[in-house]
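Topology and contacts: notes
These are the residues of each chain, in order.
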Amino acid sequence: MSKLITKDNYEEFYLDYLEGNLSGETLLAFEAFLDMHPDLRIDDSSFPVVEADESTFDSLRKLALKQGIDMNDLTAETLDFFLIARQEGQLNADQEAQLNHWLEANAHYRQDARLFALTTLQPDYNEVFTAKEDLKKPVGGRVIPLWTAGLAAAAGLALFFLLNTGNNPVSPVNQSGGNPVAVEQSDSVKERNNQLDSANAGNPSNASGSEKTEKRKNREKTFYPTQIRHDNEPKKEVTPRRRVVQQRNILQEGTILASLEKRNAHLSEENKTITPLYPYIEPSLTPKNVDVNNDMAAISVNDMKNPIEPVTSRLSETLNRPIDFRTAKANKQKGGGFYLKIGKLEISHQTASL
Amino acid sequence: MAVLQSTLCYMNAKEYNNAIDTYADNLFRFVVKHTRNKMLADDIVQETFAKVWEKHEDIQAEKAKSYLFTTAYHCLVDVMKKESRSGSIEGIERKGNSDTAHLFDIQKVLHEALERLPEIQKTVVLLRDYEGYHYDEIAEITNLSESQVKVYIFRARQTLKTYLKDIELVA
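Residues numbered from 1 in each chain as written. Chains lettered and ligands numbered in written order. Predicted model: local features only at pLDDT ≥ 70, side-chain atom pairs only at ≥ 80, totals over all residues. Heavy atoms only, no water.

Examining the overall build of chain A
- Secondary structure summary: chain A contains 15 helices and 3 strands in total.
- By the burial criterion, 28% of the 354 residues in chain A qualify as buried.
- Of all intrachain contacts in chain A linking residues separated by at least 6 positions in sequence, the fraction that spans at least 24 positions is 45%.
- Here chain A displays about 24500 Å² of accessible surface, and carbon together with sulfur accounts for 53% of that area. (Helix = DSSP H or I, 4+ residues; strand = E, 2+ residues; numbered from the N terminus. Buried < 20%, exposed > 50% of the residue type's maximum accessible area, 1.4 Å probe, protein only. Contact = heavy atoms within 4.5 Å. Areas by Shrake-Rupley, 256 points an atom, 1.4 Å probe, with all protein chains shown as cover.)

Set out below in structure tokens:
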């Protein structure tokens, strides 16, 4: 024996000793150890031993676990399984015939067969749930999916902008950003009116400042008749009216610039010594078809140059519209000015020579 | 018998209402057999439909019945646990058999016998006999294996048969 039995390890020998697995010198050594330490000895009768009982796995469960039904399993002990299987509709015609044949041979089991046939429960149809209507949900209500809500929001925004940009003249969009061309051209008209004032006066130095101011006021009143009407008439609650400014009209027909041009021509005939101080602008003026102006003070658009060519090129690509911008400084021989064309929109301005 | 539209689409309000018409009574009978309390059964059926409506967009219309019975069974288990703790069910139980007096005698005895079955056996045999569910469907509703369902049904039938036999011997 290679291992010494001590109080620290005697348990591992004890189990083998009780089960009779110790032999030879190990057995002798362990018995000598127990003699030396009688307090460690265990009474054999108090040592618990679990013994298997006679119970077996349930025969019904065994049959239920099987796949399919084997009629060879039919015995008096398993009869309930087959009777229930018939009641459950699990037997085919052949199996049912075998069962009936077995029952004929064992008549005292017929009562069991009859009772099993009665074990199917029938519902009581008088028992009903009475609160059905309370549980029902309304049918046919419109279900608005989320995407339609988004669409509605977008439509609302579009309507908002449409109304604000179209019919509300007091809105900031309309006043400032809505018609930038009209504002710009109105300012230029005023400027030209001022120039006309100077020209019509013949000798500007003779005209007093107060007279100029008066004339300007009158002329401005001419261009803004609605203001005159409002000043003279009792104040009414006026429905804001949309201020219609059509770019095409400005550029092609009946424009303020065109009227100024006519007036200038008329004045030139009356007093040929007066040099027109405002620039001559052809409505259909383009760099290609512009005529060479006989007036030495005026500068042709062809003589203008684009000082910011990369910027306009890039802007043209970004906006996907042709942009032409040219400018020239006034000198002693010729006047200056600028020419800007964005898509169909053209704006130009010229100044007199120095 | 109204039948739910067998489409692949999910349950909408109309199909939900059809399910109420079609299955509410079945659910009620199934539940009341367990609770033996009609008011409690009403509550469970109502709760079942409320839960189904919460999930109706995820439930295929053709599987509505199975979903309803599964939900009802889970509600039932929860309620039975609570009620058995408080003992309220026991106070009502087994008094109301006069309600079944109109039934044939055999069915009356059978329903008396049903009261003696363990709850799980009662559940599976009711689903089997009342609703005609197959074993696999009952297994799905009750979260049991198919063989467990089979065993419970067989045991329930044995108990019912034994009860009938005892009554017959007494008579």
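Some thoughts on the nonpolar core
- Counting residues in each nonpolar core, the largest one holds 72 residues, and the members touching the most others are A:L79, A:L99, A:L103, B:F30, B:V31, B:F49 and B:V149.
- At 10 residues, helix 1 (residues 13–35) of chain B tops the list of elements feeding residues into this core.
- In this structure B:F49 touches A:L135, B:Y16, B:A19, B:I20, B:A24, B:L27 and B:L68, once residues within four positions along its chain are discounted.
- One finds A:Y10, A:F13, A:L22 and A:L34 within the second-largest nonpolar core, a separate group that totals 9 residues. (Core = buried A, V, L, I, M, F, W, Y, C linked by side-chain atoms within 4.5 Å.)

Things to note about the environment of A:L83
- Along the chain, the position of A:L83 falls in helix 4 (residues 79–87).
- With residues up to four places along the chain from it excluded, the contact list for A:L83 reads A:L99, A:L103, A:D112, A:A113 and A:F116.

Quick look at helix 4 of chain A
Residues and elements named next belong to chain A.
- With respect to burial, helix 4 is a largely interior element, 7 of its 9 residues being buried.
- L79, D80, F81, F82, L83, I84 and A85 are the residues of helix 4 that are buried.
- After helix 4 finishes, the residue G89 shows a positive phi value of roughly 75°.

Considering the packing of aromatic side chains
- The final tally for this structure, using the stated rule, is 14 aromatic pairs over all chains.
- Ring plane angle 50° and centroid distance 5.0 Å describe the contact between A:F81 and B:F154, whose orientation is recorded as tilted. Of this pair, A:F81 sits in helix 4 while B:F154 sits in helix 8 (residues 146–170), on two different chains. Comparing A:F81 with B:F154, the two get one shared label, buried.
- Pairwise contacts between aromatic rings join A:Y10, A:Y14, A:Y17, A:F30 and A:F33 into one cluster.
- Above the ring of B:Y133, the side-chain terminus of B:K65 is found at 4.8 Å from the ring centroid.
- Of note, B:R128 hangs over the ring of B:Y135, and the distance from its end group to the ring centre comes to 4.6 Å. (Phe/Tyr/Trp six-rings, centres within 6.5 Å; stacked < 30°, edge-to-face > 60°. Lys NZ or Arg CZ within 6 Å of the ring centre and 35° of its normal.)

Remarks on the interface of chain B and chain A
- Tallying the contact residues gives 45 residues for chain B and 36 residues for chain A.
- Contact with chain A buries surface across chain B, with B:R29, B:F154 and B:K161 losing the most and accounting together for 16% of the total.
- Summed over the shared surface of chain B and chain A, the number is 6 salt bridges.
- Elements with a contribution of two residues or more to the side of chain B that touches chain A: helix 1, helix 2 (38–54), helix 5 (105–115), helix 6 (119–129) and helix 8 of chain B.
- For the side of chain B that touches chain A, the element with the highest residue contribution is helix 8 of chain B, accounting for 13 residues. (Buried area = accessible area lost by both parts, 1.4 Å probe. Salt bridge = Lys/Arg side-chain N within 4 Å of Asp/Glu carboxyl O.)

What about the pattern of salt bridges?
- One pass over the structure, following the stated rule, counts 15 salt bridges over all chains.
- Ionic pairing is found between B:R157 and A:E88, a salt bridge with its closest N-O pair at 2.6 Å. Pair noted here: B:R157 is in helix 8 and A:E88 is in the loop between helix 4 and helix 5 (93–105), and the two residues belong to different chains.
- Notably, a salt bridge pairs B:E47 with B:K51, separated by 3.3 Å at the nearest N-O pair. In this pair, B:E47 and B:K51 both sit in helix 2, 4 residues apart, roughly one turn of the helix.
- With relative accessibility at 32%, the residue B:K51 sits in the partly exposed group.
- Three or more residues are tied together by salt bridges with common partners; here these are A:E88, B:R128, B:D129 and B:R157.

Regarding the pairing of strand 3 (residues 345–351) of chain A
Residues and elements named next belong to chain A.
- Among the 7 residues of strand 3, 6 are classified as buried, and the element is accordingly described as predominantly covered.
- Direction of pairing for strand 2 (residues 336–342) relative to strand 3: antiparallel, over a ladder of 7 bridges. Within strand 3, the residue paired with L340 across the bridge is I347.
- With antiparallel pairing between neighbouring strands as the criterion, strand 2 and strand 3 make up a hairpin whose turn holds 2 residues, including G343 at a positive phi of roughly 60°. (Pairing = 2+ DSSP bridges.)

Comments concerning the side chain of B:R128
- Structurally, the position occupied by B:R128 is in helix 6.
- The exposure class assigned to B:R128 is buried, which follows from its relative accessible area of 13%.
- Apart from the residues within four sequence positions on either side, B:R128 is in contact with A:E88, A:Q90, B:Y133, B:H134, B:Y135, B:I138, B:I153 and B:R157.

So, the sheet that holds strand 3 of chain A
Residues and elements named next belong to chain A.
- If you trace the 3 strands from one edge of the open sheet to the other, you get 1-2-3, paired in antiparallel fashion. In the strand order of this sheet, the two ends are held by strand 1 (323–328) and strand 3, each with one partner. Averaged over all adjacent pairs, the angle separating strand axes in this sheet is 0°, with direction ignored. (Axes fitted to C-alpha atoms, helices over the stretch in contact; angles between N-to-C directions.)

Observations regarding the confidence of the model for chain A
Residue and element names in this part refer to chain A.
- Averaged over every residue, the pLDDT of chain A is 69; the share at 70 or more is 52%.
- Taking the mean pLDDT of every element in chain A, the minimum, 42, falls on helix 9 (residues 172–178) and the maximum, 91, on helix 5.
- Low pLDDT, under 50, characterises residues 219–240; the predicted model gives this stretch 14 contacts beyond four residues in sequence or across chains. (pLDDT = per-residue confidence, 0-100.)

What to know about a negative patch on the surface
- A cluster of acidic residues, B:D136, B:E137, B:E140 and B:E146, forms a negative patch on the protein surface.
- Ranked by the residues each element gives to the negative patch, the list is headed by helix 7 (residues 135–142) of chain B, at 3 residues. (Patch = residues over 30% accessible without salt bridge, like charges linked within 9 Å, V, L, I, M, F, W, Y side chains within 5 Å. Lys, Arg positive; Asp, Glu negative; His and termini not counted. Charge placed at Lys NZ, Arg CZ, Asp CG, Glu CD.)

Observations regarding the side chain of A:D80
- Take A:D80: it is sitting in helix 4.
- Those residues in contact with A:D80 that lie beyond four places of it in its chain are A:F116, B:Q158 and B:K161.

Examining unusual backbone geometry
All names here are of chain B.
- With phi around 55°, R36 is a residue other than glycine that occupies positive phi space.
- Assignment of secondary structure puts R36 in the loop between helix 1 and helix 2.
- Accessibility expressed as a relative area gives 15% for R36, which makes it buried.
- We note that N143 has phi near 60°; this positive angle belongs to a residue other than glycine.
- In this fold, N143 is placed in the loop between helix 7 and helix 8.

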